[in-house]
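Residue-level structure breakdown
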Amino acid sequence: MVVEPKVKGFICTTAHPAGCEESVRRQIAYCKEKGTVEGPKKVLVIGASTGYGLASRIAVTYGYGADTIGVSFEKEATGKRTATAGWYNTAAFEKMAAQDGHYVKSFNGDGFSKEMKEQVIETIRSDWGQTDMVVYSMAAPRRTLADGTTVSSVLKTVGEAFTNKTINLKNNEITEVTVPVATDEEVQNTVKVMGGEDWEDWIRALADAGVLADNAVTLAYSYIGPVVTHPIYKDGSIGQAKKHLYNTSVKLTEEFADRGLKAYISVNKALVTQSSAAIPIVPLYISLVYQVMKKEGLHEGCIEQMYRLFTDKLPKKEVDEAGQFRLDDWELKDSVQNQIAAVWDKVTTENIKEYGDIDGFWEDFYQMFGFRYDNVDYSADVEI
């Protein structure tokens, strides 16, 4: 069938298999061109099908020559409904990595569940013996707990409501949005979904089963961002979850010190992902930061960020005073942020293309789902 993009708000409900394959091919080509360094060789990536998780899997495969196991929760095609982008990404990565001689195995299901942890542990035990790196890149809207209850995360403020500019993704209009205050229960639930609890569960399960190697490394991903986004992100409900994630990294390193485990947070740059597109105010900020960073020659996508993390920052143990890797170092340069601050109050619907890279935002958005690649024939029939 001919597959076209169908966008509803901040999500695309279709994905193009050939376009997703092209996305993966380009990310692999980037890493192949850069070359390999010494690093972990048996890497588990939890949340491996899109964005930073997929880029992590590609970066360690082609940056370290690592074998990988990936865990994700994606939907396959049914009838005339395409599979999710993550499904096609994973299929494309498996095919290309296997062609290049790499071990690659993927699990599709609920990464929060005990059953998934057991399946992965058994595979590590039988195929590898142990894993020496665990990347935790889960970004889910909800989580079913061990007792069967389901909790959901929210994108709200803490303390007081916040009003600021945003971009309406339906029509590219600059409007104002007021982000409401989260209740205590909503904050707690957001921490349950997006915090470090499940990351800790994975590490404990792997260690208890004897499949976590001594001196292993584990990483989880976070975002801090500039002052303009702090009320909705850093200081909001999701920020409380990210604080819990950081505290978990400290806790894991301390509690597994006898095993030599090092647990890190990597604070990454603002990029168009399925998560960031949903956050009020952030898409407008991203379009402005894209404009400035591309002009300054500092712009990176997911694969450039993850390759730099795994082949430069991690080997050098280049961390900030809190022990975190800072992949947002170029984004938060004064020279970048001062330019954004200078235009924030000026930007309107009429001049967004002057001050912001809204076209770049939409190109990244569509390419997440396999669309708008110049060498893919979107008029052709494809097998979904």
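Residues numbered from 1 in each chain as written. Predicted model: local features only at pLDDT ≥ 70, side-chain atom pairs only at ≥ 80, totals over all residues. Heavy atoms only, no water.

**As for the overall build of the protein chain**
- Each helix and strand counted, the protein chain has 12 helices and 13 strands in total.
- Compactness check: the protein chain gives a C-alpha radius of gyration of 20 Å against a globular reference of 21 Å for 384 residues, within 12% of the reference.
- Based on the C-alpha atoms only, the size of the protein chain along its principal axes is roughly 60 × 50 × 45 Å.
- Looking at the protein chain as a whole, 53% of its 384 residues qualify as buried. (Helix = DSSP H or I, 4+ residues; strand = E, 2+ residues; numbered from the N terminus. Rg over C-alpha atoms; globule rule 2.2 N^0.38 Å. Buried < 20%, exposed > 50% of the residue type's maximum accessible area, 1.4 Å probe, protein only.)

**Thoughts on the sheet that holds strand 11 (residues 212-222)**
- Ordered in space as 5-4-3-6-11-12-13, the 7 strands form an open sheet in which the pairing is parallel. In the strand order of this sheet, the two ends are held by strand 5 (104-108) and strand 13 (325-326), each with one partner.
- Judged from the 4 bridges that link them, strand 3 (residues 42-46) and strand 6 (residues 131-136) form a sheet pairing that is parallel. Looking at strand 6, one finds that valine 43 is bridged to methionine 133.
- Each of strand 3, strand 4 (67-72), strand 5 and strand 6 touches helix 4 (residues 114-128); the most contacted strand, strand 4, lies at about 170° to it. (Pairing = 2+ DSSP bridges. Contact = heavy atoms within 4.5 Å. Axes fitted to C-alpha atoms, helices over the stretch in contact; angles between N-to-C directions.)

**Side note on the side chain of threonine 68**
- The residue threonine 68 is located in strand 4 in this model.
- Among the residues examined, threonine 68 registers a relative accessible area of 0% and is labelled buried.
- Residue contacts for threonine 68: discarding those within four places in its chain leaves Val43, Arg57, Val60, Thr61, Phe93, Tyr103, Val104, Lys105 and Trp128.

**Let's talk about the packing of aromatic side chains**
- A complete count under the given rule lists 13 aromatic pairs for this structure.
- Ring geometry for tyrosine 52 against tyrosine 221: centres 6.1 Å apart, planes inclined by 55°, an arrangement best described as tilted. With tyrosine 52 in helix 2 (residues 51-64) and tyrosine 221 in strand 11, the pair connects residues that are 169 residues apart, well separated along the chain.
- By relative accessible area, tyrosine 221 is classed as buried at 8%.
- Here the aromatic residues Phe361, Trp362, Phe365, Tyr366 and Phe369 are joined through ring pairs into a cluster of three or more.
- Positioned above the aromatic ring of tryptophan 330 is the side chain of arginine 308, whose terminal nitrogen or guanidinium carbon lies 3.8 Å from the ring centre. (Phe/Tyr/Trp six-rings, centres within 6.5 Å; stacked < 30°, edge-to-face > 60°. Lys NZ or Arg CZ within 6 Å of the ring centre and 35° of its normal.)

**Thoughts on the pairing of strand 11**
- Burial analysis of strand 11 places 9 of its 11 residues in the buried class, the great majority of the element.
- Here 5 bridges tie strand 6 to strand 11, and the two strands are oriented parallel to one another. Across the sheet, tyrosine 136 pairs through a bridge with alanine 220, a residue of strand 11.
- Bridge count between strand 11 and strand 12 (residues 262-267): 6 bridges; the pairing is parallel. Looking at strand 12, one finds that serine 222 is bridged to valine 267.
- Taken together, strand 11, helix 7 (residues 237-255) and strand 12 form a β-α-β motif whose crossover is right-handed. (Right-handed = clockwise from strand over helix to strand, strands pointing away.)

**So, the nonpolar core**
- Ile58, Met133, Leu219, Phe310 and Phe365 are the most contacted members of the largest nonpolar core, which totals 89 residues.
- The greatest single-element share of this core, amounting to 9 residues, is contributed by helix 8 (residues 282-295).
- Beyond its immediate stretch of four places on either side in the chain, phenylalanine 365 contacts Val7, Phe10, Ile11, Cys12, Val272 and Ala277.
- Among the nonpolar cores identified, the runner-up in size contains 31 residues, and Val71, Val120, Ala220 and Val267 belong to it. (Core = buried A, V, L, I, M, F, W, Y, C linked by side-chain atoms within 4.5 Å.)

**Examining helix 2**
- Taking 1.5 Å of rise per residue, 14 residues should cover 20 Å, and helix 2 covers 19 Å from first to last C-alpha, within 8% of that figure.
- Of all 14 residues that make up helix 2, 13 are buried, and the element is covered over most of its length.
- Of the residues one or two after helix 2, glycine 65 is the one with positive phi, at around 75°. (Expected span 1.5 Å × (residues − 1).)

**Describing the packing of helix 2 against helix 9 (residues 302-316)**
- Put simply, helix 2 and helix 9 touch, their axes get as near as 8 Å, and they point 50° apart. Taken together, helix 2 and helix 9 sit at an angle that is classed as oblique. Seen from above, helix 2 lies across helix 9 with right-handed handedness. Here helix 2 contributes Gly51, Tyr52, Ala55, Ser56, Ile58, Ala59, Val60, Gly63 and Tyr64 to the contact with helix 9, which in turn contributes Cys302, Ile303, Gln305, Met306, Tyr307, Phe310, Thr311 and Leu314.
- Grouping the amino acids of the contact of helix 2 with helix 9 by side-chain chemistry returns 12 nonpolar, 5 polar and no charged. (Parallel < 35°, antiparallel > 145°, perpendicular 65-115°, else oblique. Left-handed = near helix turned anticlockwise from the far one by under 90°. Nonpolar A, V, L, I, M, F, W, Y, C, P; charged D, E, K, R; others polar.)

**Quick word on helix 6 (residues 197-208)**
- The end-to-end C-alpha distance of helix 6 is 16 Å, a good match for the 16 Å that 12 residues give at a rise of 1.5 Å each.
- Looking at helix 6, one finds that the buried residues are Asp198, Trp199, Glu200, Trp202, Ile203, Leu206 and Ala207.
- Once helix 6 ends, the next one or two residues include glycine 210, with phi positive near 80°.

**A look at the pattern of salt bridges**
- This model, assessed by the stated rule, comprises 29 salt bridges.
- Here aspartate 201 and arginine 143 are joined by a salt bridge, their closest N and O atoms 3.6 Å apart. In this pair, aspartate 201 is assigned in helix 6 and arginine 143 in strand 7 (residues 142-144), connecting sequence segments 58 residues apart.
- Here arginine 204 makes a salt bridge to glutamate 255, at a shortest N to O gap of 2.3 Å. Separated by 51 residues along the polypeptide, arginine 204 in helix 6 and glutamate 255 in helix 7 bring together distant segments of the chain.
- Salt bridges here are not isolated pairs; linked through shared partners, they connect Glu300, Arg308, Lys313, Glu318 and Asp329. (Salt bridge = Lys/Arg side-chain N within 4 Å of Asp/Glu carboxyl O.)

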